[in-house]
Amino acid sequence: TSIALLLLSLSCVVSPVTSFLLPRQQQSLQQQHQPPIVLPSPSPLPISSEDGQRSLLYQSPQSQDGKTATTTATAAGTSKRAQRKAAQRAKKQLQQTQTSNNINKVTSQHPEAIIKRQKQQQGGDNNTNSKRRNHNFAQRAEYLSEGTDEQFGFNDNLDQLTLTTIPKTQGDTTIDDNANNNIQFHQLHSQRVSKLDEKTTADDVVKAIKRAQNLHDEHDVVEIAHFLLEEVDQSFAYGYRGSLLSRLAVASLHLQNYDIAKRCIIERRISHRSSMLPLESAAIVRGLLRCHHTMEAWEVLEDELSLPLEGSVQWENYNEENNKRNKNEMNDDELHLEDESIRRRLEARDKLVHRARSISSIASRHFYEMEPTEGINAVGKLKEMGGIVHQAGLTAEDVGIPWDRLVKGAALCESKRRDGAWDDIDESEDATAETPSSWPCNIVYTVLDAMIAFPSENKDVTFEALCNALVRRTVFVTGAVDMEGCPEADRGEVAFIGRSNVGKSSLVNMLTNRKSLAFTSKTPGKTQQFNYFAVNDKPELARQIRYGDDVPGEKDRDSFYIVDLPGFGFAKVTQQLRQQWSDFMDEYLQERETLQAVFHLIDARHGPTDEDIKIMQKVGTILGAKQQAKEHCAKYIIILTKADKNVKNAKSQSNPGKVSNKVMEKLIVTMKENRVGYAPIVLTSSETRLGRDEVWKYLRFAAER
């Protein structure tokens, strides 16, 4: 009885478990023998079978090896979340497979590949006997042979390249009597371009060069050099070999392998001079500078990016409408000459742009390596290009010279110079440009001269760097009402004169990049004395002026005074005070020997007023008498202020300001009548910062005294 009761209790426990497990085992066995359902489209919708189970099978396109890639996702039919997750995984895997297949099917857009596809289409798709077009892989260049003419070249050992002889040439084609069309096999580390052989295209070589440069793979660079310099001839890739050589030269310089780069440069000059591009030459110059081969960079610059000969290019503006109208009246020969002239003009413009950028790179490299003499010479070359750049009609955006970098580099050299870095250089009897004594008072002024020679870009970043380098310290010294109150004449100075409320104080603040150096006000006549501002004086001069302390130190070599004269016209002062100002200005212009420049400010909206005419008469009489007596006289400059008021929505870049033709004609006539017609005219605006670099061109006279 006890045994029977025990068996009965065990059966009650095992029976539910068995009833739960058996259907699961049967269900899994059915699922193993059930064939999957193949979907014709990548639809994520589930397809259910009779027993409630679901099997999704997505058929993807063929992979690279030709096999069909499939993805199966199985989920329980009772769980919607499991079905959704399985469908998402299958869809994601399908997208990845399609993406990998599309990458392998990318069609090359290189001209060589395009021509090949066109010929295949013309021949028909069923022409299975058509062979691949054989490149004219010529004759191995005679670099391996021994030439009789002693010229500069390299031997065939690219691991240890040394100068040797270059083969005899006939015209632009290298002659090799032992020509061999068999191209050797060159194994590369790249997976996309694993080898270089007779089937290699220019696109493959470009990919291999880029990879070798990015990964610093010197082995691949050497193999590519073997292939380009020794295995193929000039006609490789329809003349694209010259560009490939320039790319290889840049990559070799990136890897500090100057020997391969030099061989590529020489071969490019000999065989592909007619197809050399200025962009490629500029890249080679920058690569040589990275390797500190400055002399070689100058050689490439003068040889491949030289200035056009005088008269070889017609720089007059090209009018498209007139050209279309005149083309109807031209014959074939005239049309050919016109098109050739346009082509030469465009090529010359492109060469000018890359020459200017390359010279700026050389100058910047010298400045940042503390070589001011070479940097000054390079900036001088840049300044010489200013005239032809204007003739070519290039703008500041076209040229794109990094003036702010040049200014900061020159400022670093000037800072080292003030610290006495080059004071121990022995001065020779015949001082040359190599000695610090021949440098300007501030090295940054050389960059400023080049900036003025080129089209103005009027960028705040550039001018801020310029002001920080040229105006390091400013302090108000004194306000004089007569000649006895003027400070000691130990440096140059410039004076700003004009009627009241014309913007003298605002212009002074703009030029020094200060907000409140000179007091500005909307009420005319606030300036009622000759205000002297010291620029680049000794440090802590303000403490000495205010408290009378004896502060040690000396002024910098580029220190000067800015003098803000009181305004005439609308100032609410007595007639006696106004006459006192006039007499003081006469005496100041006649007796102040350190005065280097006089800036006469005139409102660009109204032109010269009666007060401006009186100032012109005074300046013309005093300075004219000094010129006749051959005495030192200051430079007289006309400054047109508030030019932004003549333009609606004036912006600092696109249209910073202008002056009307009527005002300009009136000004020129007035200047000639008062014997100051020789004076230069500068258009300025304190709001849009227009004309600040032009004004600094004359402020330099005071700093260099």
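Residues numbered from 1 in each chain as written. Predicted model: local features only at pLDDT ≥ 70, side-chain atom pairs only at ≥ 80, totals over all residues. Heavy atoms only, no water.

Undergrad: Even after reading the chapter, I still don't get the overall build of the chain, so can you show me in this structure?
TA: Each helix and strand counted, the chain has 23 helices and 16 strands in total. Burial status across the chain gives 44% buried among its 705 residues. Summing over all exposed atoms, the chain offers an accessible surface of approximately 39100 Å²; the carbon and sulfur share of this is 48%. (Helix = DSSP H or I, 4+ residues; strand = E, 2+ residues; numbered from the N terminus. Buried < 20%, exposed > 50% of the residue type's maximum accessible area, 1.4 Å probe, protein only. Areas by Shrake-Rupley, 256 points an atom, 1.4 Å probe, with all protein chains shown as cover.)

Undergrad: Explain the packing of aromatic side chains here, please?
TA: Remark: the centre distance and the inter-plane angle together describe each pair of aromatic rings, the angle taken between the planes. Overall, the coordinates contain ten aromatic pairs when judged by the stated rule. Between W403 and F454 the ring centres are 5.7 Å apart and the planes differ by 70°, which places this aromatic pair in the edge-to-face class. Of this pair, W403 sits in helix α15 (residues 403–418) while F454 sits in the loop between α16 (444–453) and α17 (460–470), placing them 51 residues apart in sequence. Take W403 and F454: they sit in the same class, and that class is buried. (Phe/Tyr/Trp six-rings, centres within 6.5 Å; stacked < 30°, edge-to-face > 60°.)

Undergrad: Would you take a moment to explain the nonpolar core for this structure?
TA: As a rule of thumb, soluble globular proteins bury nonpolar side chains together. By size, the foremost hydrophobic cluster in this structure holds 112 residues, and its most contacted members are L228, F496, F599 and W696. Apart from residues no more than four positions distant in its own chain, W696 is found in contact with Y445, L448, F463, C467, L470, V471, L511 and F560. The next biggest cluster of nonpolar side chains, apart from the first, holds 36 residues, and it includes M483, L595, L623 and A634. (Core = buried A, V, L, I, M, F, W, Y, C linked by side-chain atoms within 4.5 Å. Contact = heavy atoms within 4.5 Å.)

Undergrad: When you look at a nonpolar patch on the surface in this model, what are you seeing that I'm missing?
TA: Nonpolar side chains collect at one region of the surface, where I3, L6, L7 and L10 lie side by side and expose about 440 Å² of accessible area between them. Locating L7 in the fold gives a position in helix α1 (residues 2–33). Exposure remark for L7: the relative accessible area of 55% places this residue in the exposed category. (Patch = residues over 30% accessible without salt bridge, like charges linked within 9 Å, V, L, I, M, F, W, Y side chains within 5 Å. Salt bridge = Lys/Arg side-chain N within 4 Å of Asp/Glu carboxyl O.)

Undergrad: Just to check I follow, could you spell out the sheet that holds strand β12 (residues 530–535) for this structure?
TA: Pairing between the strands of a sheet comes from backbone hydrogen bonds, and it takes one of two forms, parallel or antiparallel. Taken in spatial order, the seven strands make up an open sheet running β10-β12-β13-β11-β14-β15-β16, and their pairing is mixed. Each having just a single partner strand, β10 (474–480) and β16 (681–683) make up the two edges of the open sheet. Between one strand axis and the next, the sheet turns by 25° as a mean value, whatever way the strands run. Sheet topology places β12 next to strand β13 (residues 560–564); five bridges connect them, and they run antiparallel. Following the sheet pairing, V535 is matched in β13 by F560. Sitting on the sheet, helix α18 (residues 504–512) touches β11 (492–498), β13, β14 (595–603) and β15 (635–641), and the angle it makes with β11 is about 145°. Sheet strands touched by helix α20 (residues 575–591): β10, β11, β12, β13 and β14. Its angle to β12, the strand with the most contacts, is close to 40°. (Pairing = 2+ DSSP bridges. Axes fitted to C-alpha atoms, helices over the stretch in contact; angles between N-to-C directions.)

Undergrad: I keep staring at the pattern of salt bridges and nothing clicks. Help me out?
TA: This structure, assessed with the given rule, holds 31 salt bridges. In this structure, the salt-bridge partner of R268 is E280, at a minimum N-O distance of 3.4 Å. Of this pair, R268 sits in helix α7 (residues 258–271) while E280 sits in helix α8 (residues 278–290), placing them twelve residues apart in sequence. Under the relative-accessibility criterion, E280 is labelled buried at 12%.

Undergrad: When you look at the pairing of β11 in this model, what are you seeing that I'm missing?
TA: Remember that side chains alternate between the two faces of the sheet whenever the strand is regular. The buried fraction of β11 is high, at seven of seven residues. The two faces of β11 match: G492, V494, F496 and G498 on one face and E493, A495 and I497 on the other face are all buried. The sheet contact formed by β11 and β13 spans five bridges and is parallel. Counterpart to A495 in the pairing with β13 is V563. Where β11 meets β14, six bridges bridge the pair, whose relative direction is parallel.

Undergrad: Just checking my understanding: could you explain helix α21 (residues 610–628) for this structure?
TA: Count 3.6 residues to each turn of an α-helix, and residues three or four apart come out pointing the same way. The terminal C-alpha atoms of α21, which comprises 19 residues, lie 27 Å apart, in line with the 27 Å expected from a rise of 1.5 Å per residue. The complete set of buried residues in α21 reads D612, I615, M616, K618, V619, G620, I622, L623, G624 and K626. Those residues of α21 that are buried lie in contact with β11, α20, β14, β15 and α22 (661–673). The first or second residue beyond α21 is K630, which carries a positive phi of 55°. (Expected span 1.5 Å × (residues − 1).)

Undergrad: Looking at this model, I keep getting lost on the confidence of the model for the chain. Mind explaining?
TA: Looking at the chain, the pLDDT average stands at 76 and 71% of residues meet or exceed 70. Confidence drops under a pLDDT of 50 for residues 318–322, and excluding neighbours within four residues, the segment shows four contacts in the predicted structure. (pLDDT = per-residue confidence, 0-100.)

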